[in-house]
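One-letter residues, chain by chain:
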Amino acid sequence: MAQEQHPAPESRKIRSALLSVYSKDGLEPIIRKLHELGVALYSTGGTQTFIEKLGIPVTPVESLTGYPSILNGRVKTLHPAVFGGLLARREADHLDQLKQYNIPEIDCVVVDLYPFEDTVATTNDPDAIIEKIDIGGVSLIRAAAKNWKDVTVVASKEEYGLFLDLLTTQQGELTGADRRELARRAFKVTSNYDIAIFNWFNEGTTDISFKYSIHRSEILRYGENPHQAGVFFGDFDKMFDKLNGKAISYNNLVDIDAAVQLMREFQAGKPTFAILKHTNACGVARRDTLLEAWNAALECDSTSAFGGIFITNSTVDLATAEEINKLFYEVLIAPNFEPDALELLEKKKQRILLKIKSYDVQARSFRSLLNGVVEQDTDLKTETETDLKTSTNRPPTSREIDELLFAVKCVKHLKSNAIALVKGQQLIGMGCGQPSRVDALRQAIAKARSFGFDLEGAVMASDAFFPFPDCVEIASEAGISAVIQPGGSVKDQDSIDACNERDMAMVMTGFRHFRH
């Protein structure tokens, strides 16, 4: 439907069309329908050959311009004989000029651009990338879209189906509203194309510009709350196969993102299960079997697990599925499901089951803030043993090192201020989103004890440095034997001294993991 400020002009029958496309998929029925409707066809290059092989008459663009395709195809349609027929208003003055210069009216343009973004994604060869910057196609699209009151534009293969439907149902006579909608879609295509090209050229320069264009979108039931509208921009299907369940909500998406970022840290190695609630991990465990990992993750906080997001790095088997099925959850994510496990889980129609294809996350992340946007490098740092710098007299044991590395992966994905307590490759206590680090630690200790965990010999991870020795003192009283933290406080030595007095090991990484 045309917007009120753009009153729709009259319907116009397509009598001539210029076709110049990269993708020929789905093009044949359009060509046959145009021919059936008596539309004169113009084309060039590979599209012209494609039409000729269908046995359908087509006039080469060279017959209009008087020039062949030159410069290895870089110049084919860029000529007044083409653009005059596109840009001329169907008014006496313009039509007289077309007649004076023997330029035919062109009522429709069908274009599919060179796949610039796909080329960037598959090669680093600058020459190959440059050659996929479409010039003539973009020019045709913009000209036809500007003159939408008189000309129809089909700007990508995504619009082939809509265009064919309009041709078929309306016998080649498109309304003003139809043409304006196609023009709107055309400028969506060209704007996205230009941003992709700019971003490629802009890599490595000092020009800081925020330009993103995401074509795919899905309207959500609502936003974070029912009174808020919400839309997801992105290609969800590129990361997941949705096997079961209700429509995914805004809050589901936020939690799924948090779950993927967490499990990215544990994707290799022994079976690992994580349970998240409101983006925070409330249970994480690694074991020899998936069932054991699930049971251990659930033990961490069986109360918060209700209605949570579950994710694992291993194929879900029937034994594990039977246990998971006893609990209400929103989403279960796994790299695969054994057939009998999937059959069981699918019986609960509302439960969302996702088969993850990739743990890749964006290298840059951004969010709206005040009257603008902030952008940053995504926190992709995963600490290894080489990052650990022993700060205390007693170095950590090999067991403690394994536990500390597990713990820092967990704490990284908790809201700040955050503390994670780990024992036996299991997140036994967590404190997050607290105004003070002491509060976060006390919350973690209380949670661990409430679920019956023995803290003796556990390790502690902090997302940021300790400004005072109080956290070390409290942790020692609880039985914690080793600590991992980024360091960087002017009073680091106070915490180190407190550890030495209590025969605790402390390592520093130099990497803070605030999450707000």
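Quantities reported herein were computed from a predicted structural model and do not represent experimental measurements.

> Honestly, the overall build of the protein chain in this entry has me stumped. Any pointers?
When helices and strands are counted, the protein chain shows 19 helices and 23 strands. The principal-axis extents of the C-alpha atoms in the protein chain amount to approximately 95 × 55 × 45 Å. Long-range pairs, those at least 24 residues apart, make up 56% of the contacts in the protein chain with a sequence separation of at least 6. Carbon and sulfur atoms form 50% of the exposed surface of the protein chain, whose accessible area is close to 25100 Å². One way to put it: in the protein chain the 58 positive side-chain charges average out to a point 3 Å from where the 71 negative ones average out.

> Can you help me understand the packing of helix α17 (residues 437-450) against helix α18 (residues 470-478) in this one?
The axes of two packed helices give the description: the angle between them and the distance between them. Put simply, α17 and α18 touch, their axes get as near as 9 Å, and they point 15° apart. Our classification of the angle between α17 and α18 gives roughly parallel. Note that α17 runs across α18; the crossing there is right-handed. Counting all contacts with α17, which are made through R437, V438, L441, R442, I445 and R449, the residues of α18 involved are D470, C471, I474, A475 and A478.

> What should I look at first to understand the pairing of strand β21 (residues 459-462) in this one?
On a regular strand, one side chain projects to one face of the sheet and the next to the other, so that they alternate. Residue alternation in β21 divides its side chains into two sets, V459 and A461 and M460 and S462, and both sets are buried. The pairing of strand β19 (residues 419-422) with β21 spans four bridges and is classified as antiparallel. Looking at β21, one finds that L421 is bridged to M460. On the question of chirality, the crossover connecting β21 to the parallel strand β22 (residues 482-485) by way of α18 is right-handed.

> I keep staring at the nonpolar core and nothing clicks. Help me out?
Within soluble globular proteins, side chains that are nonpolar tend to cluster in buried spots. Counting residues in each nonpolar core, the largest one holds 47 residues, and the members touching the most others are I256, L276, V284, I333, L354 and L427. Ranked by residues supplied to this core, first place goes to helix α16 (residues 398-411) with eight residues. The residues contacting V284, other than those within four sequence positions of it, are L262, F266, T272, F273, A274, A297, C300, F406, C410, Q425, Q426 and L427. By size, the runner-up hydrophobic cluster in this structure holds 30 residues, among which are I141, V151, V153 and Y193.

> Would you mind going over the side chain of R90 with me for this structure?
The topology assignment puts R90 in the loop between α4 (80-87) and α5 (92-100). Here the side chain of R90 touches I106 through a polar contact of 3.0 Å, landing on its backbone oxygen. Of the polar contacts made by the side chain of R90, one reaches the side chain of D107; its length is 3.1 Å. When neighbours within four sequence positions are excluded, R90 is seen to be in contact with R12, G85, L95, E105, I106, D107, N147, D150 and V151.

> Whenever I open this one, the pattern of salt bridges confuses me. Can you help?
In a structure, side chains of opposite charge can pair up when their charged atoms sit close to one another. For the structure shown, the criterion picks out 25 salt bridges. Among the ionic pairs, K447 bridges to D301, the shortest N-O distance being 2.8 Å. Placement of K447 in helix α17 and of D301 in the loop between α13 (290-300) and β13 (308-312) is noted, with a sequence separation of 146 residues between them. What makes D301 buried here is its relative accessible area of 2%. Between K423 and D454 there is a salt bridge, with its nearest N and O atoms 4.0 Å apart. With K423 in the loop between β19 and β20 (427-431) and D454 in the loop between α17 and β21, the pair connects residues that are 31 residues apart, well separated along the chain. Taken together, the shared-partner salt bridges in this structure form one network comprising E159, E181, R184 and R185.

> Mind showing me how you'd approach the sheet that holds strand β10 (residues 240-244) here?
By definition, the strands of a sheet pair up through backbone hydrogen bonds, in either a parallel or an antiparallel sense. The six strands lie next to each other as β10-β15-β14-β13-β11-β12, forming an open sheet whose pairing is mixed. The open sheet terminates on both sides in strands that have one partner only, identified here as β10 and β12 (280-286). Averaged over neighbouring strand pairs, the angle between their axes works out to 20° when direction is ignored. Bridge count between strand β11 (residues 272-277) and β12: six bridges; the pairing is antiparallel. For L276, the partnering residue across the bridge sits in β12 and is A281.

> Help me out: how do you make sense of the sheet that holds β22 in this one?
Pairing in this open sheet of six strands is mixed, and the strands run β18-β23-β22-β21-β19-β20 from one edge to the other. Each of the sheet's edge strands pairs with one partner strand only, and the pair in question is β18 (389-390) and β20. The strands touched by α17 are β19, β20 and β21; relative to β20, the strand with the most contacts, the crossing angle is about 145°.

> For this particular structure, what's the right way to read a nonpolar patch on the surface?
A contiguous nonpolar patch, built from F210, Y212, F366 and V373 and spanning about 360 Å² of accessible area, is present on the exposed surface. Along the chain, Y212 turns up in the loop between α10 (176-202) and β8 (217-219). Judged by its relative accessible area of 40%, Y212 is partly exposed.

> Looking at this structure, I do not really get the environment of G245. What am I missing?
Following the sequence through the fold, G245 ends up in the loop between β10 and α12 (250-264). Along the backbone, G245 and L353 are 108 residues apart, and their C-alpha atoms lie at a distance of 6.4 Å.

> Sorry if this is basic, but what is going on with a negative patch on the surface here?
On the surface, a cluster of negative charge is made up of E322, E338, D340 and E343. For D340, the location among the structural elements is in helix α15 (residues 339-345).

> Even after reading the chapter, I still don't get helix α9 (residues 160-170), so can you show me in this structure?
Think of an α-helix as 3.6 residues a turn; residues three or four steps apart then line up on the same face. Of the residues making up α9, those classed as buried are Y160, F163, L166 and L167. The buried residues of α9 occupy one face: seen down the axis, they fall within an arc of 130°. Buried positions along α9 lie against β2 (16-21), α1 (28-36), β5 (108-112), β6 (152-154), β7 (173-174) and α10. Directly after α9, the chain includes Q171, whose backbone phi takes a positive value near 50°.

> Please explain unusual backbone geometry as it appears in this structure.
Looking along the chain, the bond that leaves S416 and enters N417 is cis, with omega of -10°. Inspection of the secondary structure puts N417 in the loop between α16 and β19. Despite not being glycine, T279 has its phi angle at roughly 75°, a positive value. Relative to the helices and strands, T279 resides in the loop between β11 and β12.

> Teacher, can you tell me more about the packing of α9 against α10 here?
Between α9 and α10, whose axes approach to 12 Å, the crossing angle comes to 170°. Classified by the angle between their axes, α9 and α10 sit roughly antiparallel to one another. When α9 is examined against α10, the residues L162, L166 and Q170 are found in contact with a partner set consisting of D178, L182 and R185.

The rules behind each value
Residues numbered from 1 in each chain as written. Predicted model: local features only at pLDDT ≥ 70, side-chain atom pairs only at ≥ 80, totals over all residues. Heavy atoms only, no water. Helix = DSSP H or I, 4+ residues; strand = E, 2+ residues; numbered from the N terminus. Contact = heavy atoms within 4.5 Å. Areas by Shrake-Rupley, 256 points an atom, 1.4 Å probe, with all protein chains shown as cover. Lys, Arg positive; Asp, Glu negative; His and termini not counted. Charge placed at Lys NZ, Arg CZ, Asp CG, Glu CD. Axes fitted to C-alpha atoms, helices over the stretch in contact; angles between N-to-C directions. Parallel < 35°, antiparallel > 145°, perpendicular 65-115°, else oblique. Left-handed = near helix turned anticlockwise from the far one by under 90°. Buried < 20%, exposed > 50% of the residue type's maximum accessible area, 1.4 Å probe, protein only. Pairing = 2+ DSSP bridges. Right-handed = clockwise from strand over helix to strand, strands pointing away. Core = buried A, V, L, I, M, F, W, Y, C linked by side-chain atoms within 4.5 Å. Polar contact = N/O pair within 3.5 Å; in protein donor to acceptor, adjacent residues only side chain to side chain. Salt bridge = Lys/Arg side-chain N within 4 Å of Asp/Glu carboxyl O. Patch = residues over 30% accessible without salt bridge, like charges linked within 9 Å, V, L, I, M, F, W, Y side chains within 5 Å. Arc of directions from axis to C-beta.

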